[in-house]
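As a plain string of letters, each chain reads:
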Amino acid sequence: MWRRGGTSAGGSHEAADGPLLDVRDLSVVYANGAHGGNGVDLSVRAGEIVAVLGRNGAGKTSLLRGIAGFLPSEHIVVHGHVVINGVDLAGRDPMRSFRQGIVMVPERDKVFAALTVVEHLRLATRGGQDPNSPCMFGALDRLRGRQAGLLSGGERQMLALETAFRNDPKLLLVDEASLGLAPVIVKELMSRLREIATERNTAVIAVEQDASAALRLADRLYVMNHGRVVWEGLAQDATAADLAAEYLGTVR
């Protein structure tokens, strides 16, 4: 079933369980007056994967950065509510968000080129855990001594997600995981991301332009345009062709 605007397709389930994250009326206003988000409502439960789709400039990354707390430190105004575990983090700094279990994997600059894979794992692994434990993305185990700058695009994305999960997030924000990757790599990456999130009961919000990748990954979808949510619904009720024709343009 296709839904426009603010009625959640998973509403009855959310009423029973309650969302881990509840974003209400979130607006992002840049110094020039442009809106990166305009009254956005979004929720996600523990263990659920939500994909946010839209063209370039639709407000997807602004939404993630508003949730994670990066925008106020850049003097960008955030209005509304970002409630996780009952705590409203809107306008708070990223460290406060991190302490509440929010971890973000950005679109670019997600690994340190000069550091090896194992050095990334040591930096990311929290106290009491073994940085030498097997990687959740198994392909990284044979690459532990290699510098991140020498990894392929898919391997760098796996490393970014691996380090994020080693911070034991309650909510993982992922910006354009499929960007620049071959379709076969995207399929493998999305499949493993879903497995890990399910195993660890981690909520995920994944920003994507690739509707096909999002449909493989997500339980529910939100589509943004000009800073607003213009469609939301269950992934099983949508097709890439429908989304592409009405909102997104060409899908890979």
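Here, every reference points to the structure presented above.
Quick look at the structure, then. Quick caveat: nothing in here was measured; it's all calculated off a predicted structure.

Scoring rules and cut-offs
- Residues numbered from 1 in each chain as written.
- Predicted model: local features only at pLDDT ≥ 70, side-chain atom pairs only at ≥ 80, totals over all residues.
- Heavy atoms only, no water.
- Helix = DSSP H or I, 4+ residues; strand = E, 2+ residues; numbered from the N terminus.
- Polar contact = N/O pair within 3.5 Å; in protein donor to acceptor, adjacent residues only side chain to side chain.
- Contact = heavy atoms within 4.5 Å.
- Salt bridge = Lys/Arg side-chain N within 4 Å of Asp/Glu carboxyl O.
- Buried < 20%, exposed > 50% of the residue type's maximum accessible area, 1.4 Å probe, protein only.
- 1 Å grid on protein atoms, 1.4 Å probe; cavity = no way out; pocket = protein on both sides within 12 Å on 5 of 7 lines; lining within 4 Å.
- Points joined across faces, edges and corners; volume = space filled by probe spheres on them.
- Nonpolar A, V, L, I, M, F, W, Y, C, P; charged D, E, K, R; others polar.

## Considering the side chain of Ser 27
Structurally, the position occupied by Ser 27 is in strand 1 (residues 21-29). A distance of 3.0 Å separates a polar side-chain atom of Ser 27 from the backbone nitrogen of Gly 39. Non-local contacts of Ser 27, meaning those with residues more than four positions away in its chain, are made with Gly 37, Asn 38, Gly 39, Val 77, Val 78 and His 79.

## A word on the pattern of salt bridges
The final tally for this structure, using the stated rule, is ten salt bridges. Residues Arg 166 and Glu 162 are paired through a salt bridge, measuring 3.0 Å at the closest nitrogen-oxygen approach. Considered together, Arg 166 and Glu 162 belong to a single accessibility category, that of buried residues. The closest approach of N and O atoms between Glu 199 and Arg 192, which form a salt bridge, is 3.8 Å. With relative accessibility at 23%, the residue Arg 192 sits in the partly exposed group.

## What about the layout of surface pockets?
The computed volume of the largest pocket comes to approximately 560 Å³. Mapped by element, the contributors of at least two residues to the lining of the largest pocket are helix 2 (60-68), helix 3 (94-99), strand 6 (102-105), helix 4 (117-124) and helix 5 (153-165). Of the residues belonging to the lining of the largest pocket, the class tally is 15 nonpolar, four polar and three charged. The volume enclosed by the second largest pocket comes to roughly 200 Å³. Lining the second largest pocket we find Glu 107, Arg 108, Asp 109, Lys 110, Val 111, Gly 153, Arg 156, Gln 157, Ala 177, Leu 179, Gly 180 and Leu 181. The residue makeup of the lining of the second largest pocket, split by class, is four nonpolar, three polar and five charged.

None of the figures reported here should be taken as evidence of function without further support.
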